[in-house]
Amino acid sequence: MTDLAQDVALAEEPSFPSEPVRRSRLSVRRRAMLSGAVALTLVLGVLIVAAFIPADTLRVNPATRMLAPSLEHLFGTDLLGRDMLLRTTLALGQSVGIGLFAAVVSTALSVMLGLVASVNRVADRIVGVATELFLGLPHFVLLMLVAYAAGGGVRGVILAVGLTHWPRLARVLRHEAQRVMASDYVAVSRGLGRSPLWVARRHLLPHLIPQIVAGFVLIFPHAILHEAGLSFLGLGVPPHLPSIGVILSESLRALGSGLWWLAFFPGLGLLLVALSFEVFGESLRRATDPDEGVA
Amino acid sequence: MLRSLLLASSLATLLCVSPVVAAPPLVLAVGGEPEAGFDPIMGWGRYGNPLFQATLLKLDANLEMVGDLATSWTLSEDRLTWTISLRQDAKFSDGSQLTAEDVAFTFNTARDAGGLTDMTILKEARAVGPYKVELELKKPQITFTSHLVALGIVPKDHYGANYSRHPMGAGPFKLVEWREGEQLIVEPNPYWHGGTIPFPRVTFIFGDEAVALNLARSGAAQLVAVPPTDADMVPAGMHVTHVQTVDNRGVMFPTEPAGGTTDTGAPIGNDVTADRAIRVAINQGLDREALVALALNGHGTPAYGPVDGLPWDNPDAHVAGHDVAAARATLEAAGWQDEDGDGVREKNGVEARFPLVYPSSDSLRQALALGFAEQLRALGIIAEPVGASWDALARQMHSSAVVFGWGAHDPSEIYALYHGSFAGVDWYNPGFYRNPVVDAHLDAAQGSADFTSSLQEWKAAQWDGTTGFGAKGDAAWAWMVNIAHSYWISDCLDIGPLQIEPHGHGYPITQGLASWKWTCQ
């Protein structure tokens, strides 16, 4: 009876697909560690493999155009005879690279704004308005604007994705900072004559770090998907470079001719990377959320 | 209900037994909708067949000039004045007479309007009789004849601000309805001087390519332009025709060494492509058939020059290509050696490496750029593909190799692409190519007494036995492919002999629309 109840409760939570059934009683913390391991393995694997493939390995060849998946070409070949496994791996490597960079930039921006907001009322107001303003704009329109203004290309994508993902995390951090600063123990520390720096280091930071880590992990899949989206629309990576967005937009034209493998494997790859981080981020948030209760 | 059915069936029987086989209304999806409407003075008809307006001359299937409104056309001794006699039975679709006044008005207005019909060379058009007109030029230019072919004559009395939406002329058709972005419906002009047209009405469908394909599959359209990837999946009752074209794509090389800048600060020149040996070797090594297979799904022909198959093409200027050994020998002889063994040749410390820019919105040019770069590796030359917007491309085109496309029924295009006076002008001659001998040939061609005698000079500009802009001479470009234009055509539709089509997919096939026939009962 208890087992059943637990199973039902667990089934309602997001769970990583490859997670074996017999481990369904995993604690939140262990789940976070497991999904983290999976996500990191995926991303590091893709990055390392992509880094070790020389850039000019991806070659066009009129003799191998539009081949269906086979032992020789596991993911098939594209309209110009390039091996899709190679192209997908390189593309994922590029996506992950851009995603990581953008997540770092966005997190750094969020932390800065979150801390600035805790200085005084005016700063808090300014950060609050800026955050709401950015959240109010449709995110993708903003992405397109920045990418276009930066002149497109890889640089445009990195800037666009990096500069537009901070508001959500910034809002969380601002609220968290406000909550901590208003608490009794901070008041006591201040009363004892502790400097604002000491308070920030000893009281504020320990509360913010879990939020920052979870925020970073959650920004990452969004950044990857947005990179793919921009390239899909032709605003991002130039079309001869490996990119999931470019591959998917190309495959759209070829779907009518029955070339399903052009969209399937790269789409699946993108989904797996994004999903693994989404699950990891969510578990991490739950594991570190004091209100959630750690088993 | 029953009665109306009976009535309908008896009507149908009546129609069936009538001795004249009536052709059905025709539905075409071949693109070609003009943004600015149907005003020849604003550029309508420059891809041929202005539908509503008649032209002085027209090109037959062999691209020979034949009279349409003109019955005779002669150039004066000083090569500055065309005297043109007009046919006297030409009427506008409202029944009024077309006279020399209308022709003079059209040419003078086009000269003053500027825009897409660049007629600044015209000094004045004068009506010297009711059916005789004189066109005086500022300087000799034999390709002025292309204006005689392309410029539809508008009625002087009906030309105004609304003309582009309500066109009227002496051409084979009159406008019924134009819904922008959707369709254009035309009916035969009963006053047309060229005979009767079998189709009671012709509808042009615009918009999405997928819509056109579906119309053809459902039997609702009789002729559609199809992209090469879909061309081979022909619906029942139709056949596919791949029309030969000069809709070409090639790589333009900067022929100046690096160092200069344009007035706007864009860099000019490239030290690698400025070496003739590099350009010649690329032309010798290029396997153009493979590019046709790679980028066009096989639906195209190798391009050896900008005007393959046109009357002014010089086959002697062509280099067959696909000869890697010859290309390597050319490079070795010129001092391009791979001394450090990295697969890339060097000469005087300069690596054989240059950027190859293509417009990133064009998947065909991307495929060609990648295929071109891939083939060049075998020669020890690295072309680095760069995808760019058209704006960015324009800033890089004087210092980088660029994938461009041209192709027109008018040799003035090769004048603009290769004459020194066009260096850096708009999109023409972006590589700053200059060869005084070629310039002299091109100028001599423009100054010819008649079009036929100009052909020799156009050909000599490509290769005159010692030099030329073609691959045997300066090899200023490496032409890659001519894109075949593919169409699905109803088995009942006979569209007669076809021209070699110019740049721009689709609309040029309607050139002979007025003489198309319906062959089914």
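The rules behind the values
- Residues numbered from 1 in each chain as written.
- Chains lettered and ligands numbered in written order.
- Predicted model: local features only at pLDDT ≥ 70, side-chain atom pairs only at ≥ 80, totals over all residues.
- Heavy atoms only, no water.
- Helix = DSSP H or I, 4+ residues; strand = E, 2+ residues; numbered from the N terminus.
- Buried < 20%, exposed > 50% of the residue type's maximum accessible area, 1.4 Å probe, protein only.
- Domains from an automatic or database assignment.
- Contact = heavy atoms within 4.5 Å.
- Buried area = accessible area lost by both parts, 1.4 Å probe.
- Salt bridge = Lys/Arg side-chain N within 4 Å of Asp/Glu carboxyl O.
- Expected span 1.5 Å × (residues − 1).
- Phe/Tyr/Trp six-rings, centres within 6.5 Å; stacked < 30°, edge-to-face > 60°.
- Polar contact = N/O pair within 3.5 Å; in protein donor to acceptor, adjacent residues only side chain to side chain.

Caption draft 1: Molecular detail of the overall build of chain A. Counting its secondary structure elements, chain A contains 11 helices and 0 strands. Its helices and strands taken in sequence order, chain A reads α-α-α-α-α-α-α-α-α-α-α from the N to the C terminus. A burial count over chain A gives 44% of its 295 residues as buried.

Caption draft 2: Main features of the domain arrangement of chain B. Residue and element names in this part refer to chain B. For chain B, the domain assignment lists domain 1 (26-243 + 484-518) and domain 2 (248-483). Contacts between the two partners involve 26 residues from domain 1 and, on the opposite side, 29 residues from domain 2. Across the domain 1/domain 2 interface, buried area totals approximately 1,900 Å², and carbon plus sulfur atoms make up 59% of it. Taken as a group, I142, A484 and H503 account for 31% of the area that domain 1 buries against domain 2, more than any other trio of residues on that side. Linking domain 1 to domain 2 there are 0 salt bridges. Counting only elements with at least two residues in the side of domain 1 that touches domain 2, the list comes to α3 (145-150), β12 (238-243) and β23 (485-490).

Caption draft 3: Structural context of helix α2 (residues 100-113) of chain B. Residues and elements named next belong to chain B. Taking 1.5 Å per residue, 14 residues should reach 20 Å; α2 reaches 20 Å between its end C-alpha atoms and fits that length. Turning to α2, its buried residues are A100, D102, V103, A104, T106, F107, N108, T109 and A110. Just downstream of α2 lies G114, where phi reads positive at about 65°.

Caption draft 4: Focus on the pattern of salt bridges. In the structure shown here, the tally under the stated rule is 26 salt bridges over all chains. B:E374 is paired through a salt bridge with A:R59; the nearest N and O atoms lie 3.3 Å apart. Separated into two different chains, B:E374 in helix α8 (residues 363-377) and A:R59 in the loop between α2 (28-52) and α3 (84-117) make up a pair that spans both. For the salt bridge of A:R82 with A:D78, the shortest nitrogen-to-oxygen distance reads 2.9 Å. We note that A:R82, like A:D78, is buried. Each of B:K123, B:E124, B:R126, B:E134 and B:E136 takes part in a single network of salt bridges with overlapping partners.

Caption draft 5: Geometry of the packing of aromatic side chains. All names here are of chain B. For the structure on display, the rule yields 28 aromatic pairs over all chains. Aromatic side chains F38 and W44 sit 4.8 Å apart centroid to centroid with 90° between the ring planes, which places their arrangement in the edge-to-face category. W44 carries the same exposure label as F38, and that label is buried. Their ring planes at 85° and their centres at 6.5 Å tell us that F199 and W518 sit as a pair that is edge-to-face. One end of the pair, F199, is in the loop between β9 (183-188) and β10 (202-205); the other, W518, is in strand β25 (residues 517-518), and 319 residues separate them in sequence.

Caption draft 6: Fine view of the side chain of B:Q499. Residue and element names in this part refer to chain B. For Q499, the location among the structural elements is in the loop between β24 (493-494) and β25. The exposure class assigned to Q499 is buried, which follows from its relative accessible area of 11%. Among the polar contacts listed, one links the side chain of Q499 to the backbone oxygen of L59, at a separation of 3.0 Å. A polar side-chain atom of Q499 sits 3.3 Å from the main-chain carbonyl oxygen of D60. Filtering out sequence-adjacent residues up to four positions away, Q499 remains in contact with L59, D60, A61, L63, V243, Q244, H409 and Q511.

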